[in-house]
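Here's the letter readout for the chains.
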Amino acid sequence: MALQQFLEFEKPIVELEKKIEELKQIAAEERVDNSVEIERLSRNMIRLKAEIFSNITPWQITQIARHPLRPYTLDYAPRLFKDFIELHGDRNFRDDPAIVGGFAMLDGETVMVIGHQKGRTTKEKVFRNFGMPNPEGYRKAIRLMSMAERLNKPIITFIDTPGAFPGIGAEERGQAEAIAKNLMVMSRLKVPIIIVVIGEGGSGGALAIGVGDKVLMLEYATYSVISPEGCAAILWKDGSKGEQAAKALKITAADLHRFGIIDEIVKEPLGGAHQDVEAMAKALQEALVRSLQDLKKISTDDLVHNRYSKYRKIGKFYEAVV
Amino acid sequence: MVLKREKEYSVRSEDKRVRVPRGLWVKCEFCGEIIYKKEIEKNLEVCPKCNYHFRINSQKRLAMVFDEGSFVEFDAGIEPIDILDFKDTKKYKDRLKTAHKTLPQKDAFIYGEGRINGQRVMAGVFEFEFMGGSMGSVVGEKITRLIERAINKKCGVIIFSSSGGARMQEGIFSLMQMAKTCAALAMFRKAGLPYISVLLDPTMGGVTASFAMLGDIIIAEPKALIGFAGPRVIEQTIKQKLPEGFQRSEYLLEHGVIDMIVERKNMRDVLGKLLAMLTPANNALEVRG
């Protein structure tokens, strides 16, 4: 971890890790037995990590959700599925690399996999447009989902985007219509749909592939109507007040589970998914297989009916009894 | 962009400061023209110089479009609650209180059944003055009920949108109203009835990216700002100047995003004709009866 990028609040952990590394080096170079000390510090570190991560704030969670090493859709695909075959293009304008999709095998069954995709290196980031889709991304997604419906294959989507791309071309090509259409079409697809929020659930750009029968969310993912910074810029008139906005907006998995917006939280390895991608993928795979088995027991009519009810019920208001 | 009414302010015009007396004159936010208020009122609140359609409140909109006395409101008693206990520089509760003090509506959307040139229709109008017409739980619920009622009563739907988008103060609940209203429209689409979406200045964000863009027919008033991302956000993101007329009705028509632009003075006629042409025949009979 010493060479990895760390977040501000992880500093005490990193410092302790550095110390342990030093001791190990001394042990190796000078042939001193300091294993008792190393073990003590290692125990301390686990305790410190657990402590820091049990008191983590929404803003810190936002940082983890955006961590440069956080696993993305294409990191999960080979770990969760066998034979992921990527398909491209909306058949109208172009292929949008910010959304990927294709068929894959999960637990011996063919599924349609769709997800936002961010880039790791600068070049990749630009290529993936920082995970911000254009209209053709949503149109590719709905093309693939409609195909999955025709071929009777369940759909699994991975949400991880700062939001839809605010660009001239995106508006000219009907960004809003593309998102709206996905919401409408997804609400009636006759196959099971499982949604997983793996990183940033950024507003309409996230929801556009986020209507489904079961919504899972990784422990340190976020899901929000607007980015904390965007909200701060409008309501606080100060984009640097993201920390306050993150708290006010209630964007964590725990909050959304409490509100009944998501159905299940998938625990992350201590320190976040990027600390142990294999373990994260294993936990997620277990949740996906189980969820899919549950959904497959439901008849198509009930499935679509239940999905409608699920979204129909969302909303809190007061109504006077007349 | 908001037209500042009932407020005294001064404008700089050819280096001479012009005092604008309170209430008597208004400045067109689009072309900058100072206009006598009475003249604008006579002109359906449209700028006589540049044809910009000023924002009007929901009551005036209803009066302009529906046959006199035909509009019956439903579910007026639904009120917003502060589910997140949201506070920015001001508490959401206080923002609601302020809005409730100055406006008759409980939230930013009213709907009901009415007639346009004799044609029965289920229709809703946004109240932009209520927190920028933002969509939270109440707005989403009312739109969904409007659509469900239209299915049950077998009549067409018209929604007049003017909104800044989803209401941030209700967080994820606001976002989910997009899915909820679109799911309702998916049901409506199977009923064989028309949905006309009318976009007014401004229609943005989560409202555009849900039911507003799903009209069978999408109409806009002239020069209305319509889009998903706000122009300032786009400019800051791409660090480029936006093209002339970007995100205005005329621009969207050119790019194939909307069906037509209809001036306020013609709105009732166009809507009446469309309803007459598109509503199933048995429905028209019911109207006459």
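Residues numbered from 1 in each chain as written. Chains lettered and ligands numbered in written order. Predicted model: local features only at pLDDT ≥ 70, side-chain atom pairs only at ≥ 80, totals over all residues. Heavy atoms only, no water.

Thoughts on the overall build of chain B
Part 1 of the reasoning: Each helix and strand in chain B was counted, giving 10 helices and 12 strands.
Part 2 of the reasoning: Across the 289 residues of chain B, 57% fall into the buried class.
Part 3 of the reasoning: For chain B, long-range pairs separated by at least 24 residues make up 67% of all intrachain contacts whose partners lie at least 6 apart in sequence.
Part 4 of the reasoning: Accessible surface computed for chain B: about 12500 Å², of which carbon and sulfur atoms make up 50%. (Helix = DSSP H or I, 4+ residues; strand = E, 2+ residues; numbered from the N terminus. Buried < 20%, exposed > 50% of the residue type's maximum accessible area, 1.4 Å probe, protein only. Contact = heavy atoms within 4.5 Å. Areas by Shrake-Rupley, 256 points an atom, 1.4 Å probe, with all protein chains shown as cover.)

What about the packing of helix α10 (residues 228–236) of chain A against helix α11 (residues 242–249) of chain A?
All names here are of chain A.
Part 1 of the reasoning: Where α10 contacts α11, the two axes come as close as 8 Å, and the packing angle between them is 100 degrees. Classified by the interaxial angle, the pair formed by α10 and α11 is roughly perpendicular. In this structure, α10 uses Pro228, Glu229, Cys231, Ala232 and Trp236 to contact α11, whose residues at the interface are Gly242, Gln244, Ala245, Ala246, Ala248 and Leu249.
Part 2 of the reasoning: Grouping the amino acids of the contact of α10 with α11 by side-chain chemistry returns 8 nonpolar, 2 polar and 1 charged. (Axes fitted to C-alpha atoms, helices over the stretch in contact; angles between N-to-C directions. Parallel < 35°, antiparallel > 145°, perpendicular 65-115°, else oblique. Nonpolar A, V, L, I, M, F, W, Y, C, P; charged D, E, K, R; others polar.)

Quick look at the domain arrangement of chain B
Residues and elements named next belong to chain B.
Part 1 of the reasoning: What the domain assignment lists for chain B is domain 1 (1–54) and domain 2 (55–282).
Part 2 of the reasoning: Inter-centroid distance (C-alpha atoms) of domain 1 to domain 2 is 26 Å.
Part 3 of the reasoning: Every contact between the two is made by 12 residues of domain 1 and, on the other side, 13 residues of domain 2.
Part 4 of the reasoning: Contact between domain 1 and domain 2 buries roughly 1300 Å² in total, counting both sides, with carbon and sulfur atoms accounting for 51%.
Part 5 of the reasoning: When the area that domain 1 buries against domain 2 is broken down by residue, the three leading residues are Leu44, His53 and Phe54, summing to 40%.
Part 6 of the reasoning: Counting every contact that joins domain 1 to domain 2 gives 1 salt bridge.
Part 7 of the reasoning: A salt bridge links Lys60 to Glu45; the shortest N-O distance between them is 2.9 Å.
Part 8 of the reasoning: Linking domain 1 to domain 2 there are 9 residue pairs in polar contact (both at pLDDT 80 or more). (Domains from an automatic or database assignment. Buried area = accessible area lost by both parts, 1.4 Å probe. Salt bridge = Lys/Arg side-chain N within 4 Å of Asp/Glu carboxyl O. Polar contact = N/O pair within 3.5 Å; in protein donor to acceptor, adjacent residues only side chain to side chain.)

Considering the packing of aromatic side chains
Part 1 of the reasoning: In the structure shown here, the tally under the stated rule is 13 aromatic pairs over all chains.
Part 2 of the reasoning: Look at Phe9(A) and Phe53(A): their rings are 5.7 Å apart centre to centre, the planes differ by 65 degrees, and that puts the pair in the edge-to-face class. Linking Phe9(A) in the segment before α1 (11–30) with Phe53(A) in helix α2 (residues 35–54), this pair joins segments that are 44 residues apart in sequence.
Part 3 of the reasoning: On the accessibility criterion, Phe9(A) (14% relative accessible area) is buried.
Part 4 of the reasoning: Of the residues examined, Phe53(A) reaches a relative accessible area of 6% and is grouped as buried.
Part 5 of the reasoning: Ring centres of Tyr52(B) and Phe54(B) lie 5.5 Å apart, and the angle between their planes is 90 degrees; on these two criteria the pair is classed as edge-to-face. For the pair formed by Tyr52(B) and Phe54(B), the shared burial category is buried.
Part 6 of the reasoning: Each residue in the set Phe9(A), Phe53(A) and Tyr220(A) is aromatic and connected to the rest through ring pairs, giving one cluster.
Part 7 of the reasoning: Here the guanidinium or amino end of Arg149(B) rests over the ring plane of Phe74(B), the centre of that ring lying 4.0 Å away. (Phe/Tyr/Trp six-rings, centres within 6.5 Å; stacked < 30°, edge-to-face > 60°. Lys NZ or Arg CZ within 6 Å of the ring centre and 35° of its normal.)

Examining the nonpolar core
Part 1 of the reasoning: Counting residues in hydrophobic clusters, the biggest one holds 133 residues, and the most contacted among them are Phe81(A), Phe158(A), Tyr223(A), Leu284(A), Leu288(A) and Phe211(B).
Part 2 of the reasoning: Per-element tally for this core: the top contributor is helix α5 (residues 171–188) of chain B, with 12 residues.
Part 3 of the reasoning: The residues touching Leu288(A), leaving out its near neighbours within four places in the chain, are Leu80(A), Leu106(A), Ile156(A), Phe158(A), Ile194(A), Val196(A) and Leu216(A). (Core = buried A, V, L, I, M, F, W, Y, C linked by side-chain atoms within 4.5 Å.)

Observations regarding the interface of chain A and chain B
Part 1 of the reasoning: Opposite the 46 residues of chain A that make contact, chain B presents 60 residues.
Part 2 of the reasoning: Summed over both partners, the interface of chain A with chain B buries about 4700 Å², with 74% contributed by carbon and sulfur atoms.
Part 3 of the reasoning: In this structure, the connection of chain A to chain B is made through 3 salt bridges.
Part 4 of the reasoning: Arg145(B) is the salt-bridge partner of Glu319(A), the closest N and O atoms lying 2.8 Å from each other.
Part 5 of the reasoning: In this assembly, chain A and chain B are joined by 14 residue pairs in polar contact (both at pLDDT 80 or more).
Part 6 of the reasoning: Counting only elements with at least two residues in the side of chain A that touches chain B, the list comes to α7 (168–172), α8 (175–186), α9 (203–207), β7 (222–224), α10, α11, α14 (300–312) and β9 (317–319) of chain A.
Part 7 of the reasoning: For the side of chain A that touches chain B, a count of residues per class yields 29 nonpolar, 8 polar and 9 charged.
Part 8 of the reasoning: Where β9(A) meets strand β6 (residues 78–80) of chain B, 3 bridges bridge the pair, whose relative direction is antiparallel. For Glu319(A), the partnering residue across the bridge sits in β6(B) and is Ile78(B). (Pairing = 2+ DSSP bridges.)

Thoughts on the sheet that holds strand β8 (residues 119–126) of chain B
Part 1 of the reasoning: If you trace the 7 strands from one edge of the open sheet to the other, you get β5-β7-β8-β9-β10-β11-β12 (chain B), paired in mixed fashion. Each end of this open sheet is capped by a strand with a single partner; those strands are β5 (72–74) and β12 (260–261) of chain B.

Considerations on the pattern of salt bridges
Part 1 of the reasoning: Counting across every chain of the model gives 45 salt bridges over all chains.
Part 2 of the reasoning: Residues Asp75(B) and Arg149(B) are paired through a salt bridge, measuring 3.6 Å at the closest nitrogen-oxygen approach. A residue pair is termed long-range when its members are at least 10 positions apart, and Asp75(B) in the loop between β5 and β6 and Arg149(B) in helix α4 (residues 137–153) qualify at 74 residues.
Part 3 of the reasoning: The exposure class of Asp75(B) is buried, given its relative accessible area of 17%.
Part 4 of the reasoning: What makes Arg149(B) partly exposed here is its relative accessible area of 26%.
Part 5 of the reasoning: One network of salt bridges, with partners in common, ties together Arg312(A), Glu319(A), Asp75(B), Glu141(B), Arg145(B), Glu148(B), Arg149(B) and Lys180(B).

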